[in-house]
Amino acid sequence: MSSEFGKNITLSVFGESHGEAIGCVINGLPAGVALDTDKINFEMARRAPGKDKTATPRLEKDLPEILSGVLNGVTTGAPLAMIIKNTNTKSGDYSNLMQVPRPSHSDYPAYVKYNGFNDIRGGGHFSGRLTAPIVFAGAVAKQILAQKGITVGAHIKSIAGICDDSFDMENVTAQELIRVSSLPFSIINKDVEERMRKAVEDARMDCDSVGGVIECAAVGLPVGLGANIFSTVEGHVASALFGVPAVKGVEFGAGFGIADLRGSQANDPYCIKDGSVFVKQNNNGGVLGGMTTAAPLIVRAAIKPTPSIAKEQESVNLQTMSEARLKIKGRHDPCIVPRAVPVIEAAVAFALLDLMM
């Protein structure tokens, strides 16, 4: 089982949802980078569970403990190793899942692939809990990117079909990204928050869940980052995003909507802005030929509804090879979209830093 990402800077994630700890090792970080632990802890708190009715009541502080690679708050150039202790687990809630797999979870393919030895508790190594180390790595990456004038931020684009405003794809600013990312409920138009929350609560009360879309942007990128064919910015960023559990779709710029346009509508005309080449519109999301254009990088990730729901579902018993009904126990998010916003930011930031190096 490999859980690694990156070419120039590599991220290796380890641990299980109900094990002693989860964590990561980051290799290839430059030496001499001062890390602000308050900023790291702020990012971790954005993802941490147990703080909002849209999230699981499982309460984990998610305070990272750095074991190596940092001395007196500054990177040493050695591998940066970090762990987060698991302190609030109820493994008994998952005792029946080795026999009866949850629909739309990793339970069944993991059972087959690992001959039934996979850790089923809380999803084991397949759990969304493993996104906490990704957020840590992204928080480190965002600080290094900031020193290069690059800012990454995201917001909830939609929940259950209820849409927030979109980023201005041509003119979104670093200040706007920082502002929306700092909000407890990351949206641009505050008028939609109540309706989004109601959709989540309605699903929770119906023993169900809802999904949504997260829109992420990066500004300050240079021209020419990335390459063509199999080394594109889109390919690298998408690969990181698909490493986030529950991501089922990724699009850049106008995304699938660009297929409905004529070339004259879809093309991004050039202009001169403040003495530099710029685009008048950004349907391509800041990437052409696999390379950045200096326009904002715009990417969206589709997040599926949480598959662990309290409704009884159809499944099978793997021991008797007969059909079975399953009622899932445990504590689960009726909507993971709000907590996934910092995860999407982190995946994009780490992928961009890897390309920058």
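What counts, and at which threshold
Residues numbered from 1 in each chain as written. Predicted model: local features only at pLDDT ≥ 70, side-chain atom pairs only at ≥ 80, totals over all residues. Heavy atoms only, no water. Pairing = 2+ DSSP bridges. Helix = DSSP H or I, 4+ residues; strand = E, 2+ residues; numbered from the N terminus. Buried < 20%, exposed > 50% of the residue type's maximum accessible area, 1.4 Å probe, protein only. Core = buried A, V, L, I, M, F, W, Y, C linked by side-chain atoms within 4.5 Å. Contact = heavy atoms within 4.5 Å. Axes fitted to C-alpha atoms, helices over the stretch in contact; angles between N-to-C directions. Parallel < 35°, antiparallel > 145°, perpendicular 65-115°, else oblique. Left-handed = near helix turned anticlockwise from the far one by under 90°. Nonpolar A, V, L, I, M, F, W, Y, C, P; charged D, E, K, R; others polar. Patch = residues over 30% accessible without salt bridge, like charges linked within 9 Å, V, L, I, M, F, W, Y side chains within 5 Å. Areas by Shrake-Rupley, 256 points an atom, 1.4 Å probe, with all protein chains shown as cover. Salt bridge = Lys/Arg side-chain N within 4 Å of Asp/Glu carboxyl O.

(A) Representation of the sheet that holds strand β3 (residues 21–27). Ordered in space as β1-β2-β3-β7-β4, the five strands form an open sheet in which the pairing is antiparallel. In this open sheet, the two edge strands, each paired with only one partner strand, are β1 (4–5) and β4 (65–68). Of the strand pairs in this sheet, β4 and strand β7 (residues 80–85) are connected by three bridges, and their pairing is antiparallel. Bridged to Ile66 within β7 is Met82.

(B) Expanded view of the pairing of β3. Of all seven residues making up β3, five are buried, and the element is well covered by its neighbours. Sheet topology note: the strand β2 (residues 10–15)/β3 ladder contains six bridges and is antiparallel. Counterpart to Phe14 in the pairing with β3 is Gly23. Hairpin connection, β2 to β3: the antiparallel pair is bridged by five residues. Pairing geometry for β3 and β7, over six bridges, is antiparallel. From the neighbouring strand, Val25 faces β7, where its bridge partner is Ala81.

(C) How the structure looks around the nonpolar core. Ile26, Phe136, Ile159, Leu297, Ile303, Val348 and Leu352 are the most contacted members of the largest nonpolar core, which has 75 residues in total. Looking at this core element by element, the count peaks at 13 residues for helix α8 (residues 337–356). Residues within four places of Phe136 in sequence aside, it is in contact with Cys24, Ile26, Ile40, Met44, Pro64, Ile66, Leu80 and Met82.

(D) Main features of the environment of Ile328. Mapped onto the fold, Ile328 is located in the loop between β19 (322–326) and α8. Spatially, the C-alpha atom of Ile328 lies 6.6 Å from that of Ser308, the residues being 20 residues apart in sequence.

(E) Up close: the sheet that holds strand β17 (residues 297–303). In space, the five strands of this open sheet follow the order β9-β8-β10-β17-β12, with antiparallel pairing throughout. A strand with exactly one partner marks an edge of an open sheet, and here the two such strands are β9 (162–163) and β12 (247–252). Sheet topology places β12 next to β17; five bridges connect them, and they run antiparallel. Bridge pairing links Val250 to Ala301 in β17.

(F) Representation of the packing of helix α6 (residues 233–241) against α8. Running from amino to carboxyl end, α6 crosses α8 at an angle of 140 degrees, the nearest separation of the two axes being 8 Å. Between α6 and α8, the angle is such that the two are oblique. In this structure, α6 meets α8 at a crossing whose hand is right-handed. For the pair formed by α6 and α8, the contact residues are Val233, His236, Val237, Ala240 and Leu241 on the first element and Ile344, Ala347, Val348, Ala351, Leu352, Asp354 and Leu355 on the second. Here the residues of the contact of α6 with α8 are counted per class, giving 10 nonpolar, one polar and one charged.

(G) Seen up close, a nonpolar patch on the surface. Residues Tyr270, Ile272, Val277 and Leu288 make up a contiguous nonpolar surface patch of about 430 Å² in total accessible area. Its place among the elements puts Val277 in strand β14 (residues 276–279).

(H) Looking closely at the packing of helix α1 (residues 37–47) against helix α3 (residues 131–147). Remark: α1 packs on α3, axes separated minimally by 9 Å, with the N-to-C direction vectors making an angle of 145 degrees. As for the relative orientation of α1 and α3, their crossing is right-handed in sense. On α3, the residues touching Lys39, Ile40, Glu43, Met44, Arg46 and Arg47 of α1 are Thr131, Ala132, Val135, Phe136, Ala139, Val140, Lys142 and Gln143. Of the residues in the contact of α1 with α3, the class split is seven nonpolar, two polar and five charged.

(I) Region of the structure containing the pattern of salt bridges. Using the criterion set out here, one finds 19 salt bridges in the structure. As a salt-bridge pair, Glu345 and Lys142 come within 2.7 Å of each other at their nearest N and O atoms. Remark: Lys142 occurs in helix α3 and Glu345 occurs in helix α8; sequence separation between them is 203 residues. One salt bridge connects Glu314 with Arg325, and the closest N-O pair in it is separated by 3.6 Å. Here Arg325 lies in strand β19 and Glu314 lies in strand β18 (residues 313–317), a separation of 11 residues in the sequence.

(J) Spotlight on the environment of Leu80. Position of Leu80 relative to the elements: it lies in strand β7. Expressed as a C-alpha distance, the spacing of Leu80 and Val25, which sit 55 residues apart in the sequence, is 5.5 Å.

(K) Examining unusual backbone geometry more closely. You will see that Asp274, though not glycine, has its phi angle at about 55 degrees, which is positive. Looking at where Asp274 falls in the secondary structure, it is placed in the loop between β13 (270–273) and β14. A relative accessible area of 76% means that Asp274 is categorised as exposed. The phi dihedral of Met321 is positive, around 50 degrees, even though this residue is not glycine. Structurally, the position occupied by Met321 is in the loop between β18 and β19.

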